[in-house]
Amino acid sequence: MQPARHPPRSLQELLDRAGKLAGFTLGELAALAGIETPSNLRRHKGWTGQLLELWLGAEAGSKPQQDFPSLGVELKTLPIDSQGKPLETTYVCYAPLIGVAGLTWQTSNVRNKLSCVCWVPIEASRHIPPAERRVASAFVWQPSAAQEQAMRQDWEEIMEKIALGEVDSVTARHGEVLQLRPKAADGSALTQAVGPNGGFIQTRPRGFYLKKAFTHAILSDVFEGP
DNA sequence: GCCTGATCATAC
DNA sequence: GTATGATCAGGC
């Protein structure tokens, strides 16, 4: 067992790789890859995702595109509790706050990222040290028509607020399945956004996130049947 | 207990 | 600052 040396050439190869990781702890996978496991993730929040990227052969880097461009697949780890319930919301992508006129759901980064996702659930309750957290069964998901419609509606409502210069009135409570939240190094980070009178304002950068109930439903469809 | 807003590391 | 990978933690 060793990490991938090249990106998977097919969806099946990706699934094969992911399937072999099921049951391993993060500590085991890290040791096999020759990297250290942090004792806690406070200063290593992205460590789990990067470990799985390594094992599955995702292209590293900070590109605003999918993790497996040639397959059109995005990789997402999903922390779950012992009952399979998501412990965290799922980051999707940065949200555009200027130049939003004319953006459509069809060509949005959210839709592109979520059109096909390889989910890798990780048993990651907080009381479990990172090294002992365990990889569960990965699966590939494409949104159903209803799921896409739900995401689209939230996206359109949020983007309309942004276009109207009302981004500062949008909270994480907006949206049924998709939410907009701050996404920055700290509270001092500012970016340009459309303001109330069509001008520009400075505001905290935002990102799109999937709410836990939505990812829970995705898991339920797969593991408990539709 | 859960959620929202804040925060951490890194690459460029 | 933008964007990736996310989790933390106080307030409710």
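Residues numbered from 1 in each chain as written. Chains lettered and ligands numbered in written order. Predicted model: local features only at pLDDT ≥ 70, side-chain atom pairs only at ≥ 80, totals over all residues. Heavy atoms only, no water.

As recorded in an unreviewed UniProt entry, chain A goes by DNA mismatch repair protein MutH and comes from Bowmanella dokdonensis. What UniProt states about chain A under its Sequence similarities (unreviewed entry) heading is, verbatim, "Belongs to the MutH family." In the Function (unreviewed entry) part of its UniProt record, chain A is described as follows: "Sequence-specific endonuclease that cleaves unmethylated GATC sequences. It is involved in DNA mismatch repair." (UniProt positions renumbered as here; feature names shortened; annotations may be inferred.)

Enquirer: I'm lost on the overall build of chain A in this one. Help?
Expert: What chain A contains, in helices and strands, is six helices and nine strands. Against the globule reference of 17 Å for 226 residues, chain A gives a C-alpha radius of gyration of 18 Å, in line with a compact fold. Looking at chain A residue by residue over its 226 residues, the buried ones come to 42%. On chain A, roughly 12,000 Å² of surface is accessible, and the fraction owed to carbon and sulfur atoms is 50%. If you average the places of the 24 positive and of the 23 negative side-chain charges in chain A, the two averages end up 5 Å apart. (Helix = DSSP H or I, 4+ residues; strand = E, 2+ residues; numbered from the N terminus. Rg over C-alpha atoms; globule rule 2.2 N^0.38 Å. Buried < 20%, exposed > 50% of the residue type's maximum accessible area, 1.4 Å probe, protein only. Areas by Shrake-Rupley, 256 points an atom, 1.4 Å probe, with all protein chains shown as cover. Lys, Arg positive; Asp, Glu negative; His and termini not counted. Charge placed at Lys NZ, Arg CZ, Asp CG, Glu CD.)

Enquirer: Hey, could you run me through the packing of aromatic side chains in this one?
Expert: The relation between two aromatic rings is expressed through the spacing of the ring centres and the mutual angle of the planes. One pass over the structure, following the stated rule, counts five aromatic pairs. Here the aromatic cluster, defined as three or more aromatic residues joined through ring pairs, consists of W119, W141 and F214. Geometry around Y91 places K183 over its ring, the cationic atom sitting 4.3 Å from the centre. (Phe/Tyr/Trp six-rings, centres within 6.5 Å; stacked < 30°, edge-to-face > 60°. Lys NZ or Arg CZ within 6 Å of the ring centre and 35° of its normal.)

Enquirer: Hey, could you run me through the protein's contact with DNA strand C in this one?
Expert: Near DNA strand C there are 26 residues, and of these T77, Y91, K183, T191 and Y209 occur at the shortest range. The sugar-phosphate portion of DNA strand C accounts for 62% of its atoms within 4 Å of the protein, the bases making up the rest. Contact distances for DNA strand C include 2.6 Å between a phosphate oxygen and a side-chain N or O atom of Y91. The side chain of Y209 places a nitrogen or oxygen atom 2.8 Å from a base nitrogen of DNA strand C. Residue assignment for the surface near DNA strand C shows that the elements contributing at least two residues are helix 3 (47–56), strand 1 (74–80) and strand 2 (90–94). The element contributing the most residues to the surface near DNA strand C is strand 1, with four residues. Tallied by class, residues from the surface near DNA strand C come to eight nonpolar, six polar and twelve charged. (Near = heavy atom within 4 Å. Polar contact = N/O pair within 3.5 Å; in protein donor to acceptor, adjacent residues only side chain to side chain. Nonpolar A, V, L, I, M, F, W, Y, C, P; charged D, E, K, R; others polar.)

Enquirer: Sorry if this is basic, but what is going on with the protein's contact with DNA strand B here?
Expert: Around DNA strand B, a shell composed of 17 residues is seen, among which R43, K45, R181, G187 and R204 lie nearest. Considering DNA strand B, the proportion of its atoms within 4 Å of the protein that are sugar or phosphate atoms stands at 60%. Here Q179 contributes a side-chain N or O atom positioned 3.4 Å from a phosphate oxygen of DNA strand B. Contacts to DNA strand B include G187, whose backbone N or O atom sits 2.8 Å from a phosphate oxygen. At three residues, strand 6 (residues 178–182) tops the list of elements feeding residues into the surface near DNA strand B. Here the residues of the surface near DNA strand B sort into four nonpolar, four polar and nine charged.

Enquirer: I would appreciate a short explanation of the state of the cysteines in the present structure.
Expert: Here, disulfide denotes a covalent bond that connects the sulfur atoms of two cysteines. Enumeration over the complete set of coordinates arrives at zero disulfides. C116 provides the cysteine sulfur closest to C93, a residue in no disulfide bond, and the two sulfurs are 16 Å apart. For C93, a relative accessible area of 3% puts it in the buried group. With no disulfide of its own, C116 lies closest to C118 among cysteine sulfurs, the gap being 8.4 Å. On the basis of relative accessibility, which here comes to 8%, the residue C116 falls in the buried class. (Disulfide = S-S within 2.5 Å.)

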